[in-house]
Amino acid sequence: MRAFVGIPLDGPEAEALLDVQGRIAVGREVPANNLHLTLAFLDDQPVEMLETLHEELELIRQSQFELHLKGMDIFGAPRSRSFGLLAAPDPTLMALQADVAQAARRLGIGLEKRRFRPHVTLSRFRDGRQPPERVQAALSRGASLQIDPILVSEIALYRSSLTSEGAVYEILSSYPLLVQGLS
């Protein structure tokens, strides 16, 4: 099963993200119920491995924190790209991502070796199908965008199913983060 761990952003905060999507107007928009910030892409894993990872994720003890999204960049490989809002590398966010990655690696799940660049993907496009000047204009429009802070109170284990219409994400399990001051 294709899976990842992420921060769900499909609640009330999705409204601001959808507004930004409309402003950049490039590529295929990510549906509101697919909005998230990926902490670890797990690729294809046996169900048994995801069940064991579920137990590991339940042990993570990070506090809730505010996610700050500001500015935009292009992510992805040369042929398939995406526009994403950049997340400030908050120490709690970085520690949470490290805990998730460590839990996966403890179980032998191989993760990508690239540096974690926290972002929220808003739209996807293929190079060559969007005129470069349109892509550059979208980047310029997104350079100064800033979203009100979003309270992150949980993470989730997702299933990712690829369809002809794009990926469909389903939350398999959610993991609440600690309320500050409580343990």
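Residues numbered from 1 in each chain as written. Predicted model: local features only at pLDDT ≥ 70, side-chain atom pairs only at ≥ 80, totals over all residues. Heavy atoms only, no water.

1. With respect to the pattern of salt bridges
Under the defined criterion, the tally for this structure stands at five salt bridges. With a closest N to O distance of 3.3 Å, Glu-170 and Arg-159 form a salt bridge. Here Glu-170, found in strand S9 (residues 166-176), pairs with Arg-159, found in strand S8 (residues 154-163); they are eleven residues apart in sequence, far enough to count as distant. (Salt bridge = Lys/Arg side-chain N within 4 Å of Asp/Glu carboxyl O. Helix = DSSP H or I, 4+ residues; strand = E, 2+ residues; numbered from the N terminus.)

2. Considering a negative patch on the surface
A contiguous patch of negative charge on the surface is contributed by Glu-48, Glu-51, Glu-55 and Glu-58. Position of Glu-55 among the secondary structure elements: in helix H2 (residues 47-57). (Patch = residues over 30% accessible without salt bridge, like charges linked within 9 Å, V, L, I, M, F, W, Y side chains within 5 Å. Areas by Shrake-Rupley, 256 points an atom, 1.4 Å probe, with all protein chains shown as cover. Lys, Arg positive; Asp, Glu negative; His and termini not counted. Charge placed at Lys NZ, Arg CZ, Asp CG, Glu CD.)

3. Let's talk about the pairing of strand S6 (residues 119-126)
Pairing geometry for strand S2 (residues 28-29) and S6, over two bridges, is antiparallel. Residue Arg-28 lies in a different strand from S6, and its bridge partner there is Arg-124. Judged from the seven bridges that link them, strand S5 (residues 80-87) and S6 form a sheet pairing that is antiparallel. Paired with Leu-85 across the bridge in S6 is Val-120. (Pairing = 2+ DSSP bridges.)

4. So, unusual backbone geometry
Positive phi is not limited to glycine here, since Ala-25 has a value of about 45°. Relative to the helices and strands, Ala-25 is located in the loop between helix H1 (14-24) and S2. For Ala-25, a relative accessible area of 37% gives the class partly exposed. For Asp-43, which is not glycine, the phi torsion reads 60° and is therefore positive. Mapped onto the elements, Asp-43 comes out in strand S3 (residues 36-44). (Buried < 20%, exposed > 50% of the residue type's maximum accessible area, 1.4 Å probe, protein only.)

5. Focus on the side chain of Ser-82
In this fold, Ser-82 is placed in strand S5. The residues contacting Ser-82, other than those within four sequence positions of it, are Asp-73, Ile-74, Phe-75, Thr-121, Ser-123, Arg-124 and Phe-125. (Contact = heavy atoms within 4.5 Å.)

6. Digging into a positive patch on the surface
A cluster of basic residues, Arg-28, Arg-79, Arg-124 and Arg-126, forms a positive patch on the protein surface. Structurally, Arg-126 is set in strand S6. By relative accessible area, Arg-126 is classed as partly exposed at 37%.

7. Digging into the nonpolar core
Buried together is how nonpolar side chains tend to be arranged in soluble globular proteins. The biggest cluster of nonpolar side chains holds 50 residues, and the ones touching the most others in it are Ile-7, Leu-37, Leu-39, Leu-42, Leu-53, Phe-83 and Ile-155. Examining the composition of this core, we find that six residues originate from one element, helix H3 (residues 91-106), more than from any other. Here Leu-42 is in contact with Ala-3, Phe-4, Val-5, Leu-50, Leu-53, Ala-104, Ile-109, Leu-111 and Leu-157, once residues within four sequence places are set aside. (Core = buried A, V, L, I, M, F, W, Y, C linked by side-chain atoms within 4.5 Å.)

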